[in-house]
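Chain residues, written in single-letter form:
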Amino acid sequence: MARITASVYTSHVPAIGAALDLGKSSEPYWQKVFSGYHFSKQWAKEHKPDVIFLVYNDHATAFSLDMIPTFAIGTAAEYQPADEGWGPRPVPKVVGHPQLSAHIAQSVIQQDFDLTIINKMDVDHGLTVPLSLMYGQVDQWPCPVIPFAVNVVQYPVPSGRRCLNLGKAIRKAIESYDEDINVHIWGTGGMSHQLQGPRAGLINKEFDNAFLDRLIADPDGLAGMPHIDYVREAGSEGIELVMWLIARGAMGDLAGGPAPRVAHRFYHVPASNTAVGHLILEESK
Ligand code: DHB
Ligand code: FE
């Protein structure tokens, strides 16, 4: 039986990818951001998953604004880094896991979450920047990755409650896969940021830290927070945080098991316009 052993949460910011790709990561501004991931890189070496189920959002890159699926699962054998206007990032292609993807799609759709099936797609900074933060500059990513894209770009976006429940369904799906493999689930995007309008540049440290506290200790209560609170408190792009509830919903305590262990927590302001939050939760043995 496949099992989930950890969940990883991290912000994504295109400028973080650019800092790495353009050799600026040792500059003091970026050092402060990357310092929060030193522990994580070591942890990642010691806790190697067979597959990463990576929840992220596409930024009108693969889907454009012509078609916007609410939840979309990548079922391809591989995904190329997308060209977001400056050429594709010089990072490895993402190798998929079509067999596990197909199984999860079957199981989750039978649990009444209608997923869009993506057989061909390029992946943008929403997916590649979290991989870079956790694994650095490598020739290939350490394991297959299943991209799971969530619409947080155009309203209506899914509620926190639906995201948490979807995470629970993903856990059931993974646990019903026959092969004995170890899966990590990642929730990415956020934390507070707003890229446009009169409130551009908004950061809310108090909200972000309360979000981290509640994600750890009160995910069910946090799932009840309405969209308007994300937007008011964390800015228009702060809504990316609902994706963290998908990964959190897949942890065992929400299926009656013990609380997860907080292996690492980091918060730093700013990276570009964004508050960077990062958590690693391990399943208790
Ligand atoms: C920034 C943050 C994002 O989440 C994003 O998708 C694009 C830009 C930023 O802070 O610059
Ligand atoms: Fe974003």
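Residues numbered from 1 in each chain as written. Chains lettered and ligands numbered in written order. Predicted model: local features only at pLDDT ≥ 70, side-chain atom pairs only at ≥ 80, totals over all residues.

- Going by the annotation in an unreviewed UniProt entry, the name recorded for the chain is Protocatechuate 3,4-dioxygenase, with Caenimonas koreensis DSM 17982 given as the source organism.

### Brief notes about the overall build of the chain
Next up, step 1: A count of helical and extended segments in the chain gives ten helices and eleven strands.
Next up, step 2: For 285 residues, the compact-globule formula gives about 19 Å, and the C-alpha radius of gyration of the chain, at 17 Å, lands near that figure.
Next up, step 3: Overall size of the chain, expressed as C-alpha extent along the three principal axes, is 45 × 40 × 40 Å.
Next up, step 4: Across the 285 residues in the chain, those meeting the buried criterion constitute 47%.
Next up, step 5: Expressed as a percentage of contacts within the chain between residues at least 6 apart in sequence, the contacts between residues at least 24 apart total 82%. (Helix = DSSP H or I, 4+ residues; strand = E, 2+ residues; numbered from the N terminus. Rg over C-alpha atoms; globule rule 2.2 N^0.38 Å. Buried ≥ 20, exposed ≤ 12 C-beta atoms within 10 Å, placed from the backbone. Contact = placed C-beta atoms within 7 Å.)

### Focus on the packing of helix α4 (residues 98-110) against helix α6 (residues 160-175)
Next up, step 1: Contact geometry of α4 with α6 gives a least axis separation of 9 Å together with a crossing angle of 125 degrees. By the angle class used here, α4 and α6 are oblique. Along this stretch, α4 crosses α6, giving a crossing that reads as right-handed. Residues H103, I104, S107 and V108 of α4 form the contact with α6, whose own contacting residues are A169, I170, K172, A173 and I174.
Next up, step 2: Residue composition of the contact of α4 with α6, grouped by class: six nonpolar, two polar and one charged. (Axes fitted to C-alpha atoms, helices over the stretch in contact; angles between N-to-C directions. Parallel < 35°, antiparallel > 145°, perpendicular 65-115°, else oblique. Left-handed = near helix turned anticlockwise from the far one by under 90°. Nonpolar A, V, L, I, M, F, W, Y, C, P; charged D, E, K, R; others polar.)

### Remarks on the sheet that holds strand β11 (residues 274-282)
Next up, step 1: Pairing in this open sheet of eight strands is mixed, and the strands run β6-β3-β8-β2-β9-β1-β11-β10 from one edge to the other. Bordering the open sheet on either side are β6 (116-118) and β10 (261-271), each of which pairs with just one other strand. In this sheet, adjacent strand axes meet at a mean angle of 20 degrees when their direction is disregarded.
Next up, step 2: In this fold helix α3 (residues 38-46) packs onto β10 and β11, with an angle of close to 140 degrees to the strand it touches most, β10.
Next up, step 3: The sheet strands contacting α6 are β1 (3-10), β2 (51-56), β3 (71-74) and β9 (182-188), and the helix crosses β1 at an angle near 145 degrees. (Pairing = 2+ DSSP bridges.)

### Here's the deal with the site of ligand 1
Next up, step 1: The environment of ligand 1 is made up of H12, V13, P14, A15, H59, H193, L195, E237, S272, N273 and T274.
Next up, step 2: Among the residues making up the shell around ligand 1, the classes are represented as four nonpolar, six polar and one charged. (Near = placed C-beta within 6 Å.)

### Regarding the pairing of strand β4 (residues 78-81)
Next up, step 1: By the bridge criterion, two bridges tie β4 to strand β5 (residues 94-95) in an arrangement that is antiparallel. Within β5, the residue paired with Y79 across the bridge is V94.
Next up, step 2: Note: β4 against strand β7 (residues 122-123), two bridges, orientation parallel. Of the residues in β7, the one forming a bridge with Q80 is D122.

### Details of the nonpolar core
Next up, step 1: Counting residues in each nonpolar core, the largest one holds 80 residues, and the members touching the most others are F53, L54, V55, I170, L241 and M243.
Next up, step 2: A per-element tally of this core places α6 first, with seven residues.
Next up, step 3: In contact with L241, not counting residues within four places along its chain, are G189, G190, M191, F211, Y230 and A234. (Core = buried A, V, L, I, M, F, W, Y, C linked by C-beta atoms within 7 Å.)

### Focus: the confidence of the model for the chain
In low-pLDDT regions, the fine details of the predicted coordinates are not to be read closely.
Next up, step 1: Scored by pLDDT, the chain has a mean of 98; 100% of the residues are at 70 or more.
Next up, step 2: In the predicted assembly, ipTM is 0.98 and pTM is 0.98. (pLDDT = per-residue confidence, 0-100.)

### A short note on the pairing of β1
Next up, step 1: With six of its eight residues buried, β1 lies for the most part within the structure.
Next up, step 2: Both β1 and β9 contribute to a ladder of seven bridges, which runs parallel. Note on β9: the bridge partner recorded for I4 is V183.
Next up, step 3: The pairing of β1 with β11 spans five bridges and is classified as antiparallel. Across the sheet, the residue bridging to A6 is E282, located in β11.

### Re the packing of helix α1 (residues 14-21) against helix α5 (residues 125-135)
For any two helices packed against each other, one specifies the crossing angle of their axes together with the interaxial distance.
Next up, step 1: Interhelical geometry of α1 versus α5 gives an angle of 55 degrees and a closest axis separation of 9 Å. Considering their axes alone, α1 and α5 lie oblique with respect to each other. Considering only the axes of α1 and α5, their crossing is left-handed. Seen from α1, the contacting residues are P14, I16, G17 and L20; seen from α5, they are H125, T128, V129, S132 and L133.
Next up, step 2: Split by residue class, the contact of α1 with α5 holds five nonpolar, four polar and no charged.

### Overview of the environment of S272
Next up, step 1: Residue position: S272 is located in the loop between β10 and β11.
Next up, step 2: The sequence separation of S272 and D114 amounts to 158 residues, and the corresponding C-alpha distance is 35 Å.
Next up, step 3: With near-sequence residues (within four places) excluded, S272 lies in contact with V13 and A15.

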